[in-house]
Amino acid sequence: MSLDLIAYAAFFLTMALTYAIMCLGLNVQWGQTGLFNVGIAAFVAIGAYVSALLTTPDAADRVGGFDLPIAVGWIGGALVAGLAAWLVGALTIRLRSDYLAIATFGVAVTVQLCVLNLQPLTGGAFGIGFIPRPFGDLAGDPLAFGLSNLALMTAVVLALYLALQHLAKSPWGRVLRAIREDETAAQALGKRPIRFRLQAFTIGGAIMGLAGAAQGQFIGFIAPDNYLPILTFQVWAMLIVGGSGNNRGAILGAVLVWGLWALSAAAVSAFVLPEQQARAAALQIVMIGVGLCLILLVRPRGILGASNALASLTRKRTPKSKE
Amino acid sequence: MNPQFLMDGLIAGAMIGLGAIGVTLTYSILRFANFAHGELLAWGAYLALAVSGALGLFSTTLTRPIGLFSFGWSLPLAAIIAIVLTGLLALAVDGMLFGRLRARGGAVIILVMASFGASLALRSLLEFIFTSKPAYYTKALQIAVQIGGGLRATPDQLLSLGVALAAVIAIHLMMTRTDIGRSMRAVSENSALAGIAGVDVRKVIRVVWFVGAALACIAGIMTGLLVQIRPYLGHDLLLPLFAAAILGGIGSVPGAMIAGLIVGLSEAAAVQLVGAEWRAAVSFVILVAVLLLRPRGLFGRAA
């Protein structure tokens, strides 16, 4: 019995860590650069589908199934998602700041549509099954399987965390911070804000793709329903709860919010009448939406640069209203 | 190609255009992309449903169809009440959320993010109250009539087109001929300067919210009457609304309406040429094309 519990805990934590990867990607885009992405689900979906396509065995009813190693799938998923992010960014980052938000919203709608309708490629509404899982030969032993996957995902998150911490401290990260704090000053020092923003957006997109690939491979099955707008919203809630701009916070927030989400979903299915469950789930989302607005109202500047010395200095001066 | 797509496109385009006018007004005067605007359409549709249902309880003569139309007097009456209620809802959200964030003078993107949160809360609240089951104003069926040129339309569709046309003309006259319209344009040019010149900026903002919400409510009721009422009604129209507002040029009322018709007609044409399942991608294609070729839109000024 307790072994089952440990296996379940390993499963839960592994899932939470895949969300932590998405959250780290969002942190590069929003926390460190201030780029608002409302299409997280799209980039995650691209990563998941590309990876599934590369690693599944040859299937008769759809294109591909290239039967490549899982690592190739992960890298391929990240690269294609990064490319998609680069295209969206190249199109909109030089324009008004909210055009990027609108464009990412459009990408989310369009990717969802493609995944549903490009049946020969994506399996349509039924999705893709039988995706090879890491340590698949251990599947007979749930505990060993769960723990080795958990170890793998922990290693990925740790490596990503260290790389991103290094990146944030590097000259590149300092330029990003400078642009976020004072774009004109950074420009006067010869840095091109558009280029750095585009790079950050691309890296963030690639990380989300990696998360999608890792999650798809871990579950072994993907379908369009996994990549609805609610996914985007969950990742946002994770980053904001954890504290944006802070990589450790991003990971912690992912585990916390995923835990709360799973617990409240379990509570809803246990205590609410079946015919009322959809309504209870809706109420759950209302509360998160209200929570996001409340955080924006109560901790206005804390969201953009909580872990930043410069931000706390500028806060003491009168806030300048920027266009 | 069947010419009927012109009729379908015009009707979809009229709904998109009405919604896009609200988006373009809030965008040009409050200076942010309001992701919660779609929810005003959905709320408008549901408020009208609730009021018309309540009116039907009082008197059954109100629900008896008027002439050729599928609905009784309860719907037009409910529409008027719903327009006012939707306007009040927009003012309440502004007072609780956007107004406070504006007063703080933070970055634009914070407002966009707040609107994203608000849209989620508002939409799920609808789902909580009315459940996600589709609803209808009336169960009556309507036969489409020939209107010449091989086109067919139901009386409801023709009435909706007429209402949309009247609403757009009214808004256009308000923007160009009245004091409040002039104040609105002044604030959209430069809000600080307009304030110094004696324009009551807060009143202008209230009017913008009310007008935008009223048009959204009309568009929502039209969608509900001609298609169906769902909590996701506004969310699914949001991308077409943004595409139309940007294609028309931010701040231009006629631009938003014309662009709305273009988006609607392109969608209808795509349904015939490519297939109905790709309809939702049309707005994205238009959006990308505008951002690539002419980011200021058809009638917008260079930033």
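Residues numbered from 1 in each chain as written. Chains lettered and ligands numbered in written order. Predicted model: local features only at pLDDT ≥ 70, side-chain atom pairs only at ≥ 80, totals over all residues. Heavy atoms only, no water.

Section: helix α4 (residues 108-130) of chain B
All names here are of chain B. Compared with an ideal rise of 1.5 Å per residue, which puts 23 residues at 33 Å, α4 spans 33 Å between its outermost C-alpha atoms and is within 8% of the ideal. Burial analysis of α4 places 19 of its 23 residues in the buried class, which makes it a mostly covered element. Thr-131 sits one or two positions beyond α4 and adopts a positive phi of about 60°. (Helix = DSSP H or I, 4+ residues; strand = E, 2+ residues; numbered from the N terminus. Expected span 1.5 Å × (residues − 1). Buried < 20%, exposed > 50% of the residue type's maximum accessible area, 1.4 Å probe, protein only.)

Points about unusual backbone geometry
Even without being a glycine, A:Asp67 presents a positive backbone phi close to 55°. Inspection of the secondary structure puts A:Asp67 in the loop between α2 (40-55) and α3 (70-92). Accessibility expressed as a relative area gives 55% for A:Asp67, which makes it exposed. In this structure, B:Arg31 takes a positive phi of about 65° despite not being glycine.

Some remarks on empty space enclosed by the protein
Where empty space is left can be seen by rolling a probe of water-molecule size over the atoms. Residue and element names in this part refer to chain B. Applying the stated rule across the entire model yields two cavities of 30 Å³ or more. Taken as a whole, the largest cavity encloses approximately 50 Å³ of empty space. In this structure, the largest cavity is lined by Asn-34, Ala-36, Leu-40, Ala-90, Val-93, Phe-98, Leu-122 and Trp-209. The greatest single-element share of the lining of the largest cavity, amounting to three residues, is contributed by helix α3 (residues 74-104). Residues of the lining of the largest cavity, tallied by class, amount to seven nonpolar, one polar and no charged. (1 Å grid on protein atoms, 1.4 Å probe; cavity = no way out; pocket = protein on both sides within 12 Å on 5 of 7 lines; lining within 4 Å. Points joined across faces, edges and corners; volume = space filled by probe spheres on them. Nonpolar A, V, L, I, M, F, W, Y, C, P; charged D, E, K, R; others polar.)

Considering helix α6 (residues 179-189) of chain B
Residue and element names in this part refer to chain B. Every buried residue of α6 is accounted for by Gly-181, Ser-183, Met-184, Val-187 and Ser-188. For α6, the arc enclosing every buried residue in end-on projection is 160°, short of the 170-degree limit, so these residues lie on one face. Across from the buried face of α6, at angles greater than 90 degrees, the exposed residues are Asp-179 and Glu-189. Here the buried face of α6 lies against α1 (4-30), α5 (155-177), α7 (191-196) and α8 (201-226). (Arc of directions from axis to C-beta. Contact = heavy atoms within 4.5 Å.)

Some details on the pattern of salt bridges
Summed over the entire model, instances satisfying the criterion amount to seven salt bridges over all chains. Between B:Arg102 and B:Asp94 there is a salt bridge; the shortest N-O distance is 3.1 Å. (Salt bridge = Lys/Arg side-chain N within 4 Å of Asp/Glu carboxyl O.)

Side note on the packing of helix α6 (residues 142-169) of chain A against helix α7 (residues 171-181) of chain A
Residues and elements named next belong to chain A. α7 packs onto α6 with a crossing angle of 65° between their chain directions and a minimal axis gap of 4 Å. It follows from the interaxial angle that α6 and α7 lie roughly perpendicular. Seen from α6, the contacting residues are Leu-167, Ala-168 and Lys-169; seen from α7, they are Pro-171, Trp-172, Gly-173, Arg-174 and Arg-177. The residue makeup of the contact of α6 with α7, split by class, is four nonpolar, one polar and three charged. (Axes fitted to C-alpha atoms, helices over the stretch in contact; angles between N-to-C directions. Parallel < 35°, antiparallel > 145°, perpendicular 65-115°, else oblique.)

Here we look at the UniProt feature "transmembrane region" (unreviewed entry) in chain B
Residue and element names in this part refer to chain B. When the UniProt feature table is mapped onto this chain numbering, "transmembrane region" (unreviewed entry) sits at residues 6-28, 40-59, 71-93, 105-126, 158-175, 207-229, 241-264 and 276-293. Spanning residues 40-59, this segment combines 95% helix with 0% strand, and its end C-alpha atoms are found 28 Å apart. Spanning residues 71-93, this segment combines 87% helix with 0% strand, and its end C-alpha atoms are found 31 Å apart. (UniProt positions renumbered as here; feature names shortened; annotations may be inferred.)

A closer look at the nonpolar core
With 198 residues, the main nonpolar core has A:Phe36 and B:Phe35 as its most contacted residues. Apart from residues lying up to four places away in sequence, B:Phe35 is in contact with A:Val38, A:Ala101, A:Ile102, A:Phe105, B:Val112, B:Ser115, B:Phe116, B:Ser119, B:Leu238 and B:Phe242. (Core = buried A, V, L, I, M, F, W, Y, C linked by side-chain atoms within 4.5 Å.)

Remarks on the packing of aromatic side chains
Across all of its chains, the model carries 18 aromatic pairs over all chains by this definition. Here a set of aromatic residues connected by ring pairs shows up, and it is made of A:Trp30, A:Phe36, A:Phe105, A:Phe233, A:Trp236, B:Phe35, B:Phe116 and B:Phe242. Here the basic side chain of A:Arg133 rests over the ring of A:Phe218, its NZ or CZ set 5.9 Å away from the ring centre. A cation sits over an aromatic face here: A:Arg279 above B:Phe128, 5.3 Å from the ring centre. (Phe/Tyr/Trp six-rings, centres within 6.5 Å; stacked < 30°, edge-to-face > 60°. Lys NZ or Arg CZ within 6 Å of the ring centre and 35° of its normal.)

Quick word on the interface of chain B and chain A
Listed by partner, the interface residues are 45 residues for chain B and 46 residues for chain A. A buried area of about 4300 Å², summed over both sides, lies between chain B and chain A, and 79% of it is on carbon and sulfur atoms. Taken together, the links from chain B to chain A amount to six residue pairs in polar contact (both at pLDDT 80 or more). Listed by contribution, the elements that provide at least two residues to the side of chain B that touches chain A are α3, α4, α9 (233-248) and α11 (281-293) of chain B. In terms of residues, the side of chain B that touches chain A owes the most to one element, α4(B), which gives 16 residues. Class assignment of the residues belonging to the side of chain B that touches chain A gives a composition of 34 nonpolar, six polar and five charged. (Buried area = accessible area lost by both parts, 1.4 Å probe. Polar contact = N/O pair within 3.5 Å; in protein donor to acceptor, adjacent residues only side chain to side chain.)

Section: the side chain of A:Gln234
Tracing the sequence through the fold places A:Gln234 in helix α10 (residues 229-242). Those residues in contact with A:Gln234 that sit more than four places away from it in its chain are A:Tyr19, A:Val257 and A:Trp261.

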